[in-house]
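Fold and contact review
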Amino acid sequence: MLNPMNTIEEKSRIKLGRRHGIQILNALCVITVLVTLGGCRHSKPEPNPTPREDKLVVFAAASLREAFGHEADEFKKSHPGVEVTFNFAGTQEIRTQLEQGAPADVFASADERHMKALQDAAKVESSTIFAQNEPVLVVSKEKATSIHSLAELPLAERIVVGVPEVPIGKYTLQILEKASRSLGADFETRVEAKIVSRELNVRQVLAKVTLGEADAGIVYRTDLGANRDKVSVVTIPPEFNIIVKYPIAIVKGAPHPVLSQQWASLILSERGQTILRDSGFLVAPAGKAAH
Amino acid sequence: MNSLQAVVAGRIGALYVDAQIDTGDGTLVIVGPNGAGKTTLLLMLLGIRRPHSGRITVGESKLLDTAANLEVAVENRRLGYVPQDYGLFPHLTVLENVEFALECDSTGRQRKSRRIEAEAILDHLDLMELTARQSSELSGGEKQKVALARALAAKPQALLLDEPLGALDVAARHDVRLFLAAYLKKLDIPAIVVTHDPNEARTLGDRLAVLEAGRIAQAGTWEELCEQPATTFVQQLVSRM
Amino acid sequence: MAGQSLLSAMGGVLVVFLIAPLLGLVTATSFGDFVAGLRHPLVWPALRLSLITTSASLLFVVVFGTPLSWTLARANGRFIRAVEVLTNLPAVIPPAVAGIALLLAFGRRGLLAGWLYPRGWSVAFTTLAVIMAEIFISAPFFVQAATSAFRRLDGNCLVVARTLGASPLRIFFRIGLPMATPSLLAGAAMSWARALGEFGATLMFAGNFTGKTQTLPLAIYTALESNLCAAQALSLLLVVVAFAVLLFVRVVLARTTADEMREY
């Protein structure tokens with residue numbers, strides 16, 4: 001099976017490698033490498049020891065908008081007076097911004113590959129997986145009665161997916177490929193024939209199914225949010241599904257290293273993980289205590 | 001010759017126009033100060049502005065009779081109009097300007113016969129050297145002649161000129177005035193000339209109507225106005241000569 | 001003289017601000033990158049689709065927008081003013097919202113769905129939807145320019161044409177249209193440029209499918225997700241195409257306005 005995505009990605013990695021932004025390295029900042037989740041789970045965020053840091057800038061994948069909003073409320077409880085600023089965007093966009101030297105403290109990615117690339121370019125410290133997400137099938141109300149499972153997806157007349165260049169599109173391709181192995185070799189082809197649009201982000205996919213313009217699409221479970229009732233949600237069998245790992249890392253030369261560290265600790269703490277779970281994330285990376 | 005007779009009343013903006021005019025057998029000059037409603041009156045005759053009551057006739061042909069609920073559209077009134085800045089179509093040549101007037105009648109003639117007629121009209125006014133020019137390449141006097149030729153090409157039943165010398169410089173004014181006075185004398189349709197200039201008022205028309213604040217203050221020949229000026233304005237008008 | 005230098009300097013500030021990002025785009029893309037970007041598989045289908053759809057939308061906007069503008073410019077009254085304001089509105093709606101609005105009107109569950117698609121089809125995700133989105137977004141630019149062009153016409157010429165017995169259609173085609181042509185061309189160029197750059201409404205209403213609904217701006221955004229270089233090359237291509245067309249229109253305009261200037 002030819003996968004055009006791989007070639008595009010390879011190219012991009014090479015090209016982007018050349019294009020380094022201005023790197024601001026603050027030698028005075030000694031940044032603690034994130035401890036493992038196990039070590040972190042029981043540590044409470046410390047009260048702010050350096051009062052000079054009153055700001056925190058978090059760059060995060062768009063799918064974290066809701067969850068991180070709640071995390072910020074929690075963070076402010078233990079850090080009164082601290083201002084938490086977010087930049088939510090597609091992971092690729094954030095990666096470009098960081099490569100161009102955007103002043104951020106923490107980066108939470110929806111894609112390990114982009115995090116790895118930034119690490120290789122020495123833009124971020126080492127990363128830790130803090131959450132997991134899974135793609136689900138969403139079906140418009142009109143087709144809810146005929147499509148109950150991934151196997152019935154070809155019954156849809158119009159399917160929207162993410163473009164292979166964005167993570168959800170890449171995962172969708174992988175899911176279809178896996179499903180073809182057991183649902184019949186032509187499963188992927190039959191689905192492909194019904195694809196009418198390759199959207200640039202998950203919200204576009206969801207909007208089209210919510211409005212009934214498309215019959216079905218694949219989005220992250222966490223993206224359902226307030227639209228949960230406007231579509232029918234079909235879980236993709238685990239044997240076909242891709243579990244998406246979300247890594248978090250402190251940006252090299254972060255202007256607020258102490259608060260960054262404390263933010264990461266909060267996200268990995270029991271309370272932080274509960275908040276993520278409430279927003280639809282799976283919080284059990286391999287080997288860690290699951291729920 | 002027919003005469004153009006009109007009684008119109010109507011409010012345009014802040015001005016209430018209520019006037020009765022009659023060209024008689026020749027050219028009527030409507031004279032008055034700025035803002036008296038001279039152009040508005042012309043536009044009412046043309047049908048561009050609508051009086052709330054009135055009656056306009058040229059000979060036997062009725063153009064407006066509000067009492068009888070009759071109103072002929074602008075396009076069908078057959079009144080030739082030369083505005084103050086002549087209104088030549090800037091994208092057309094002199095010849096094309098005149099041809100446009102010929103296109104608009106419904107006889108459906110061939111382009112060639114229209115051209116021959118247009119050239120004849122221009123020749124009549126000694127404009128043959130200008131046929132290929134555009135209005136930007138004409139002097140004020142030439143523009144005025146072309147506009148006159150164009151208006152006459154449509155075979156109007158009366159001719160309306162608004163400040164015909166108003167856009168000309170002083171040097172050109174004298175010659176054009178003499179030409180126009182002679183031309184209007186020969187014309188076989190009634191004409192109305194609007195002006196604020198006493199000199200033009202005296203030489204261009206056979207009869208005058210003095211318009212003040214929307215109303216005709218006095219009408220008659222120049223001599224009649226001189227003998228018994230009805231208002232201070234008329235007094236000043238005739239004494240400035 | 002000093003006053004004029006000050007004015008020029010102030011204008012220069014804006015020029016620098018407008019050109020700097022374009023210059024950034026040019027300098028950040030080496031010739032090799034540009035050539036490589038042009039070989040990107042998304043480029044040619046997207047460029048072709050963009051040229052086809054913007055031509056179609058421009059044609060529609062001009063054919064229907066010119067009579068509309070003529071009517072708006074010639075008529076008076078509250079109703080006409082309201083219509084004029086309404087036709088300007090799409091220019092201020094954020095494009096993504098415009099896309100949703102188009103879905104809500106012409107989509108499967110839209111206002112006109114029962115009438116347009118008795119059998120459940122809808123125009124969304126088709127090339128026609130791209131054209132509709134471009135028309136919706138770009139028409140106000142043309143209508144505004146054309147209406148003010150028609151309003152600026154010498155009223156005396158139009159009055160004279162009527163007294164000569166010309167019908168409304170003859171006045172429109174032989175007098176109004178040719179007299180306003182330079183301004184109409186300028187308005188059409190602006191409107192076309194806006195349609196060429198259209199992104200948000202297209203993505204929402206027509207989706208993103210190579211060769212069918214993926215216009216150049218959508219291809220740029222798609223490429224941006226994986227390959228910044230290709231995105232830059234595509235952006236440069238978009239800028240070059242737009243520049244060439246707008247420059248061409250300017251040259252034509254300069255020629256016709258030079259003709260006009262001689263009159264005054």
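Residues numbered from 1 in each chain as written. Chains lettered and ligands numbered in written order. Predicted model: local features only at pLDDT ≥ 70, side-chain atom pairs only at ≥ 80, totals over all residues. Heavy atoms only, no water.

**Re helix H1 (residues 38-46) of chain B**
Since the α-helix turns once every 3.6 residues, residues separated by three or four places project in the same direction. Going by this rule: We call a residue buried when its accessible area falls under 20% of the maximum for its residue type, exposed when it is over 50%, and partly exposed in between, using a 1.4 Å probe and counting protein chains only. In this description a helix means any DSSP run of H or I spanning at least four residues, a strand means any run of E spanning at least two, and both kinds are numbered starting from the N terminus.
H1(B) sits mainly inside the fold: eight of its nine residues count as buried. Among all positions in H1(B), only Lys38(B), Thr40(B), Leu41(B), Leu42(B), Leu43(B), Met44(B), Leu45(B) and Leu46(B) are buried.

**Describing the pattern of salt bridges**
Filter applied, for reference: For salt bridges, the criterion is a side-chain nitrogen of Lys or Arg within 4 Å of an Asp or Glu carboxyl oxygen.
Under the definition given, this model contains 24 salt bridges over all chains. Across the salt bridge formed by Asp111(A) and Lys170(A), the nearest N and O atoms sit 3.4 Å from each other. Of the two residues, Asp111(A) is situated in the loop between strand S3 (106-108) and helix H5 (112-120) and Lys170(A) in helix H6 (residues 167-183); the sequence distance between them amounts to 59 residues. Taking the relative accessible area as the measure of exposure, Lys170(A) reaches 9% and is therefore buried. Bridged by salt links that share partners, the residues Lys143(A), Glu157(A), Asp215(A) and Arg108(C) form one connected network.

**Focus: the sheet that holds strand S4 (residues 124-133) of chain A**
All names here are of chain A. What counts, and what does not: DSSP-based pairing: two strands are paired if at least 2 bridges between them are found. Lines are fitted to the C-alpha atoms to define the axes, a helix being fitted only along its stretch in contact, and any angle between axes, read from their N-to-C directions, falls within 0 to 180 degrees. Every residue pair with non-hydrogen atoms within 4.5 Å of one another is taken to be in contact.
Here we have five strands laid out as an open sheet, ordered S2-S1-S3-S10-S4, and mixed in their pairing. The two strands at the open ends of the sheet, each matched to only one other strand, are strand S2 (83-89) and S4. Ignoring which end each strand starts from, the neighbouring axes of this sheet average 20° apart. Relative to strand S10 (residues 244-251), S4 runs antiparallel, the two sharing seven bridges. Paired with Gln 132 across the bridge in S10 is Lys 245. The strands touched by helix H4 (residues 91-99) are strand S1 (55-61), S2, S3 and S10; relative to S1, the strand with the most contacts, the crossing angle is about 135°.

**Section: the interface of chain C and chain B**
Quick reminder of the rule: Buried surface area refers to the total accessible area, computed with a probe of radius 1.4 Å, that the two partners give up upon joining, counted for both partners together. In protein, a polar contact means a hydrogen-donor-capable atom and an acceptor-capable atom, both N or O and within 3.5 Å, with residues adjacent in sequence counting only if both atoms are side-chain atoms; elsewhere, any N or O pair within 3.5 Å suffices.
The partner chain B presents 24 residues to the 18 residues of chain C that form the contact. Carbon and sulfur atoms make up 60% of the area that chain C and chain B hide from each other, which totals about 2200 Å². Our enumeration of links across chain C and chain B arrives at three salt bridges. With a closest N to O distance of 2.5 Å, Glu103(B) and Arg174(C) form a salt bridge. Viewed at the interface, chain B and chain C are joined by five residue pairs in polar contact (both at pLDDT 80 or more). Counting residues per element, the ones that place at least two in the side of chain C that touches chain B are helix H8 (155-163) and helix H9 (168-196) of chain C. Counting residues per element, the side of chain C that touches chain B draws most heavily on H8(C), which supplies seven residues.

**Re H9(C)**
Spelled out, the test is: Multiplying one less than the number of residues by 1.5 Å gives the expected span of a helix. The bend at a residue is defined as the angle formed between two axes, one fitted to the seven residues ending at that residue and one fitted to the seven starting there.
With 29 residues, H9(C) should reach 42 Å at 1.5 Å per residue; the first-to-last C-alpha distance of 34 Å falls well below that figure. The sharpest bend along H9(C) reaches about 65° and sits at Thr181(C), with the proline Pro182(C) one to four residues further on.

**Examining the domain arrangement of chain A**
All names here are of chain A. The line we're drawing: For the purposes of this description, domain bounds are those given by an automatic or database domain assignment.
Looking at the assigned domains, one finds that chain A contains domain 1 (25-132 + 245-278) and domain 2 (135-235). Every contact between the two is made by seven residues of domain 1 and, on the other side, eight residues of domain 2. For the pair domain 1 and domain 2, the two sides together bury roughly 550 Å², of which 35% comes from carbon and sulfur. Summed over the shared surface of domain 1 and domain 2, the result is two residue pairs in polar contact (both at pLDDT 80 or more).

**What about the domain arrangement of chain B?**
Residue and element names in this part refer to chain B. Applied cut-off: All amino acids are sorted into three groups, where Ala, Val, Leu, Ile, Met, Phe, Trp, Tyr, Cys and Pro are nonpolar, Asp, Glu, Lys and Arg are charged, and the leftover types, Gly among them, are polar.
When its domains are assigned, chain B resolves into domain 1 (1-36 + 45-78 + 159-173 + 182-241) and domain 2 (87-155). Computed from C-alpha atoms alone, the centre-to-centre distance between domain 1 and domain 2 is 26 Å. If you look at the interface, domain 1 gives eight residues, while domain 2 gives nine residues. In total, domain 1 and domain 2 occlude about 670 Å² of area from one another, counting both sides; carbon and sulfur atoms represent 67% of this. The largest share of the area that domain 1 buries against domain 2 comes from Leu 159, Leu 168 and Tyr 183, three residues that together contribute 60% of it. Our enumeration of links across domain 1 and domain 2 arrives at zero salt bridges. Summed over the shared surface of domain 1 and domain 2, the number is two residue pairs in polar contact (both at pLDDT 80 or more). Across the side of domain 1 that touches domain 2, the residue classes tally to seven nonpolar, no polar and one charged.

**Examining the interface of chain C and chain A**
Size of an interface, as often reported, equals the accessible area lost when the parts are brought together. Taken together, the contact between chain C and chain A spans 28 residues of the former and 36 residues of the latter. Between chain C and chain A, the buried area comes to about 2900 Å², and carbon and sulfur atoms account for 54% of it. The largest contributions to the chain C side of the interface with chain A come from Arg108(C), Phe125(C) and Glu225(C), which together make up 26% of the buried area. Here chain C is connected to chain A by three salt bridges. One salt bridge in this structure joins Asp215(A) and Arg108(C), with 2.6 Å as the shortest N-O distance. At the surface where chain C touches chain A, the tally comes to 12 residue pairs in polar contact (both at pLDDT 80 or more).

**Considerations on a nonpolar patch on the surface**
Applied cut-off: Patches here are clusters of residues that have more than 30% relative accessible area and form no salt bridge, with a 9 Å joining cutoff for like charges and a 5 Å cutoff for nonpolar side chains (Val, Leu, Ile, Met, Phe, Trp, Tyr). Surface accessibility in these figures is a Shrake-Rupley result with a 1.4 Å probe; residues are shielded only by whichever protein chains are displayed.
A contiguous nonpolar surface patch, about 600 Å² in accessible area, is contributed by Leu14(C), Val15(C), Phe17(C), Leu18(C), Ile19(C) and Leu23(C). In this structure, Leu14(C) sits in helix H1 (residues 2-28).

**A word on the arrangement of the chains**
Counting contacts across all two pairs of chains that touch, the top pair turns out to be chains A and C. In this view chain A stays clear of chain B, with the nearest C-alpha atoms of the two still 50 Å from each other.

**A look at the packing of helix H9 (residues 257-268) of chain A against helix H10 (residues 270-278) of chain A**
All names here are of chain A. Contact geometry for H9 and H10: axes closest at 4 Å, N-to-C directions at 65°. Residue-level contacts link Leu 266, Ile 267 and Leu 268 of H9 to Glu 270, Gly 272, Gln 273 and Leu 276 of H10. Broken down by class, the residue content of the contact of H9 with H10 amounts to four nonpolar, two polar and one charged.

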